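Take a look at the letters that make up each chain.
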Amino acid sequence: MSATILDGRRIAAEIRAEVGVQVHALRQSGHQPRLAVVLVGDNAASAVYVRGKVKACAELGIASEQVLPRADIRTAELHRIIAGLNANPAVDGILVQLPLPAHIDAREILVAVDPDKDVDGFHPLNVGNLVAGRPGPRPCTPAGIIELLRRHRIAMEGQEAVVVGRSDIVGKPMALLLLQENATVTIAHSRTRDLAAVCRRADILVAAVGRPGFLGRDAIRTGAVVVDVGMNRLTDPTAMERFYPGDEQRRAAFARNGSTLIGDVDPVAAMELAAAFTPVPGGVGPLTIAMLMANTVAAAQRHVSRSKPTP
Ligand code: GUN
């Protein structure tokens, strides 16, 4: 058996096309949606992600601005920057790229973002909206995974879903969104007893632990849908050969770059055992940005409808 590939690039393109139509309508009505991205310091991976977000805005006709404070910025100064963006009526969405430098308390910063401009859904008020099933922005990666499953017509209702990883950005909101789809949800993590056995219960297995090829054959039930959120850089040639035996394309790219990307799931095991699998790259990754664009446009639509004069 060989797993069906869940093509995140195709679904992301579909979502982006739909968002593009909404951007066009907003611009016709005289409002161009605008996203402000705050990137503190010079984390290389964050810089790549932010570049992707800004590029996606440009492609869809969304205005964007980047605020790029130095890594040693004081918390009070970062507060001033966010207060300025909160107060600026032209800005619909604010995103503070994580992780922040260690001397800044990220929780304190996330609570400072106007919940109505919070396009990541990280503000505690919006976390509460998610928990209570109330409308509000949903964190982009888990929301993108739900779209990926829906648009591939993968049933969630009544299914056993196991989410491995309990981060605020992916694991926890993923579990809540699957619950909202009426799945039976288990959250597993590094301390879970007999993790592989818990994973084998899953009809839908979501891996978000940030460890290269962490879940192997013993964690995948035959016929499961496996969603791999991991994005790890593999630099060890022996591990590369173990995870991608006979993959000449990867081997050539590895020789060129000295590394290759791998998710949290052993790709050979997933291809062999799963009914469907998200590749890395090209699976979950593109959906995060597509959902960020959708959240930004939704915020802009709220702002436009609110500023209309009452007749
Ligand atoms: N860092 C890793 N993922 C994300 C994300 O979805 N949003 C933000 N703001 N930072 C991140």
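Visitor: Where do I start with the overall build of the protein chain in this structure?
Guide: Within the protein chain one finds 12 helices and 11 strands. For 311 residues, the compact-globule estimate of 2.2 N^0.38 gives 19 Å, and the protein chain sits close to it at 20 Å. For the protein chain, the C-alpha atoms occupy an extent of roughly 60 × 45 × 35 Å along the three principal directions. Counting the 311 residues in the protein chain, one finds 49% classified as buried. Total accessible area computed for the protein chain in this model is approximately 14,800 Å², and 53% of it derives from carbon and sulfur atoms. Here the protein chain contributes 35 positively and 31 negatively charged side chains, and the mean placements of these two sets differ by 2 Å.

Visitor: What am I meant to see in the pairing of strand S8 (residues 225-228) here?
Guide: Remark: a regular strand shows side chains that alternate across the two faces of the sheet. Alternating residues of S8 divide into Val225 and Val227 and Val226 and Asp228, and every residue in both groups is buried. The pairing of strand S7 (residues 204-207) with S8 spans 4 bridges and is parallel. Opposite Ala207, over in S8, you have Asp228 as the bridge partner. In this structure, S8 lies alongside strand S11 (residues 276-277), joined through 2 bridges in parallel fashion. The residue of S11 that forms the bridge with Val226 is Phe277.

Visitor: I tried to follow the state of the cysteines on my own but got confused; where do I start?
Guide: Chemically, a disulfide is nothing more than a covalent bond linking the sulfur atoms of two cysteines. Under the definition given, this model contains 0 disulfides. The closest cysteine sulfur to the non-disulfide-bonded Cys57 is located on Cys140, 11 Å from its own sulfur. Assessed through its relative accessible area of 0%, Cys57 is described here as buried. Of the residues examined, Cys140 reaches a relative accessible area of 5% and is grouped as buried.

Visitor: Looking at this model, I keep getting lost on the sheet that holds S8. Mind explaining?
Guide: Strand pairs in the sheet, formed through backbone hydrogen bonds, run parallel or antiparallel to each other. Strand order in the open sheet made by the 6 strands is S1-S11-S8-S7-S5-S6, with parallel pairing throughout. Two strands bound the open sheet, and with one partner strand each, they are strand S1 (4-5) and strand S6 (184-188). Along the sheet, helix H7 (residues 171-180) contacts strand S5 (160-164), S6 and S7; its crossing angle with S5, the most-contacted strand, is approximately 170 degrees.

Visitor: Looking at this structure, how should I read helix H5 (residues 124-131)?
Guide: Along H5, the positions that sit buried rather than exposed are Asn126, Asn129 and Leu130. Buried residues of H5, viewed axially, fall in a sector of 100 degrees; they line one side. Facing away from the buried side of H5 by more than 90 degrees, the exposed set consists of Leu125 and Val131. As for H5, its buried residues are in contact with H7. Just downstream of H5 lies Gly133, where phi reads positive at about 70 degrees.

Visitor: Sorry if this is basic, but what is going on with the pairing of strand S4 (residues 93-96) here?
Guide: With burial as the criterion, each face of S4 is covered, one bearing Gly93 and Leu95 and the other bearing Ile94 and Val96. Note that strand S2 (residues 34-38) and S4 share 4 bridges and pair parallel. In the sheet register, Val38 faces S4, and the bridge partner there is Val96.

Visitor: Would you mind going over unusual backbone geometry with me for this structure?
Guide: Among all residues save glycine, negative phi is the norm, and among peptide bonds the norm is trans. Across the junction of Leu98 and Pro99, the peptide omega takes the value 5 degrees, indicating a cis bond. Inspection of the secondary structure assignment puts Pro99 in the loop between S4 and helix H4 (106-110). Cis geometry is adopted by the peptide bond preceding Pro281, which originates at Val280 and carries an omega value of -5 degrees. Locating Pro281 in the fold gives a position in the loop between S11 and helix H12 (285-307). Phi at Arg153 takes a positive value of approximately 55 degrees, unusual for a residue other than glycine. Tracing the backbone shows Arg153 in the loop between helix H6 (140-151) and S5. Residues other than glycine seldom take positive phi values, yet Asp194 does so here, at roughly 45 degrees. Turning to its location among the elements, Asp194 is positioned in the loop between S6 and helix H8 (195-199).

Cut-offs used in this document
- Residues numbered from 1 in each chain as written.
- Predicted model: local features only at pLDDT ≥ 70, side-chain atom pairs only at ≥ 80, totals over all residues.
- Heavy atoms only, no water.
- Helix = DSSP H or I, 4+ residues; strand = E, 2+ residues; numbered from the N terminus.
- Rg over C-alpha atoms; globule rule 2.2 N^0.38 Å.
- Buried < 20%, exposed > 50% of the residue type's maximum accessible area, 1.4 Å probe, protein only.
- Areas by Shrake-Rupley, 256 points an atom, 1.4 Å probe, with all protein chains shown as cover.
- Lys, Arg positive; Asp, Glu negative; His and termini not counted.
- Charge placed at Lys NZ, Arg CZ, Asp CG, Glu CD.
- Pairing = 2+ DSSP bridges.
- Disulfide = S-S within 2.5 Å.
- Contact = heavy atoms within 4.5 Å.
- Axes fitted to C-alpha atoms, helices over the stretch in contact; angles between N-to-C directions.
- Arc of directions from axis to C-beta.

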